[in-house]
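Survey of secondary and tertiary structure
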Amino acid sequence: ELIRYVHLNPIRAGICNDLKELDRYTWCGHSALMGTQACTFQDTWPVMRRFGKSAQTARIAYSEYLAQGLARNTEEDLLPFDSPNAASEGPGMWVIGDQEFVAQALKADKDKKLRLARFKREGKDIRAISGKVAAALHIDPQEIRCRARTGVAADARKIVAYCGHREFEIPAIDIARHLGVGPTAVSMMLAKGKQLAQQKGISLID
């Protein structure tokens, strides 16, 4: 169940449209399991042996198992286990671990919800973030939406992607729509965006 939950995340996040796209999506272990992408550090057999005795039969069964999961609710993919919070309701009931780990996870989940509620209340959406980054770099906000590959506007796009996704936890699909790119492009901007934000002293978290 955990294998399926993790590997379907790119589809649920809107980064991949279907299993066919997921088969060739680089930033997920699924493509290595399906044999469509090479990954030298990923040991695929401990996963595939759960689905069949040979690579071919295992891939067929594994793919069918993922297809079944697409029709299910996200939270139904992980069944509740005997854990300190097994009787609770909501996302926390899916946390598996000792009491200290569960307590930390529930606190982090609560803090995240409070933080996101505050951001929404303060109107900190992707357009507002884009405007603040543009002001910090002394450019017109519309320049950020132009697909420049170099220059200040290109740097601004990467910083917007980083601040939006990592600081304000805005879904990659929403940032992609604003910037006029695909969600995969947003994912590829994050590391450089973090570096640029640090270099230019840009952080939008109060």
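Placed above this text is the structure.
Note that the structure is a prediction, hence the values are computed from the model and not measured.

To continue, consider the pattern of salt bridges. Going through the model one piece at a time under the given rule, you end up with two salt bridges. One salt bridge in this structure joins Arg4 and Glu1, with 3.3 Å as the shortest N-O distance. A residue is classified by how much of its surface remains accessible, and Arg4, at 2% relative accessible area, is buried. According to the relative accessible area criterion, Glu1 is partly exposed, its value standing at 33%. The partner of Arg177 in a salt bridge is Asp174, with the nearest N and O atoms 3.0 Å apart. Residue Arg177 and its partner Asp174 are located together in helix α11 (residues 172–179), separated by three residues, close to a single helical turn.

This paragraph deals with helix α10 (residues 152–167). Counted at 1.5 Å a residue, the expected span for α10 with its 16 residues is 22 Å, and the 21 Å between its end C-alpha atoms agrees. Taken as a whole, α10 has its buried residues at Ala153, Ala154, Ala156, Arg157, Ile159, Val160, Ala161, Tyr162, Cys163, Gly164 and Glu167. Where α10 is buried, its residues contact α7 (99–121), α8 (126–137), α9 (141–144), α11 and α12 (183–199). Following α10 by one or two positions, Glu169 adopts a phi angle in the positive range, close to 55 degrees.

Here is what the cut-offs are and how they apply
Residues numbered from 1 in each chain as written. Predicted model: local features only at pLDDT ≥ 70, side-chain atom pairs only at ≥ 80, totals over all residues. Heavy atoms only, no water. Salt bridge = Lys/Arg side-chain N within 4 Å of Asp/Glu carboxyl O. Buried < 20%, exposed > 50% of the residue type's maximum accessible area, 1.4 Å probe, protein only. Helix = DSSP H or I, 4+ residues; strand = E, 2+ residues; numbered from the N terminus. Expected span 1.5 Å × (residues − 1). Contact = heavy atoms within 4.5 Å.

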